[in-house]
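These are the residues of each chain, in order.
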Amino acid sequence: MIYVDADACPVKAEVLKVAERHGFEVTFVANSGLRPSRDPMVHNVIVSASFDAADDWIAERAHEGDIVVTADVPLAVRCVAAGAFVTGPSGRVFDKSNIGMASAMRDLGQHLRETGESKGYNAAFTQRDRSTFLETLDRLARQTKK
């Protein structure tokens, strides 16, 4: 199963492409409407608008062997702890070797934004990010089959 934190996810089409190639089911989870699919392997879940509702839904279900696509580091922490493979939309893999540092850097960035030391601008999503994501997701899909 591939779980996608779908609110503002820029790589939904790429997820579907890789999932179809490898025969994986996909569940898109969001707080707002999603484009319906006629593919029986694609599921859409709309959760409440409460804070972290989509994250909580995914974290409760993701387990060893699943793949989670999210840019949300706290969700990545929870999913890595559950044994899932986790990647961000730019193709960055979160695993046991780097999740602690990713979480610490996220907390530092949040602190700097709150104190006004940083404006908190994110880099633009590029075609290279999209390509890296495709490669990463395909590799993770092959890993889960082993």
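Report follows, based on the coordinates. Numbering of residues starts from 1 in every chain and runs along the sequence as written. The model is predicted, so local features are restricted to residues of pLDDT at least 70 and side-chain atom pairs to those at 80 or more, both for listing and for counting; the totals for chains, interfaces and linings are taken over all residues. Only hydrogens and water are removed before side-chain values are computed, so all heavy atoms of the structure are retained for them.

**A short note on the overall build of the protein**
Scanning the protein from N- to C-terminus turns up five helices and six strands. What you see in the protein, going N to C, is helices and strands ordered as β-α-β-β-α-β-α-β-β-α-α. Across its three principal directions, the C-alpha atoms of the protein cover 45 × 35 × 30 Å. Partly exposed describes any residue whose relative accessible area lies between the buried limit of under 20% and the exposed limit of over 50%, with all areas from a 1.4 Å probe on protein chains only and scaled to the type maximum. Within the protein, buried positions represent 38% of all 146 residues. Put simply, the protein shows about 8,500 Å² of open surface, and 51% of that area lies on carbon and sulfur atoms. We score Asp and Glu as negative and Lys and Arg as positive, and we do not count His or the chain ends. Positions of charges follow a simple convention, taking NZ of Lys, CZ of Arg, CG of Asp or CD of Glu. Distance from the positive charge centre (18 side chains) to the negative charge centre (20 side chains) of the protein: 6 Å. Segments assigned H or I by DSSP are reported as helices when at least four residues long, segments assigned E as strands when at least two residues long, and all are numbered from the N terminus. All accessible-area figures derive from a Shrake-Rupley calculation using a 1.4 Å probe, and residue coverage is judged against the displayed protein chains alone.

**A look at the side chain of His22**
Relative to the helices and strands, His22 is located in helix 1 (residues 12-22). For this analysis, a polar contact is any N or O atom pair within 3.5 Å, provided that within protein one partner can donate a hydrogen and the other can accept it, and provided that sequence-adjacent residues contribute only side-chain to side-chain pairs. Polar side-chain contacts of His22 include one of 2.6 Å to the side chain of Asp138. Only 3.2 Å separates the side chain of His22 from the side chain of Lys145, close enough to count as a polar contact. Residues within four places of His22 in sequence aside, it is in contact with Asp138, Ala141, Arg142 and Lys145. It only takes one pair of heavy atoms within 4.5 Å for two residues to be counted as in contact.

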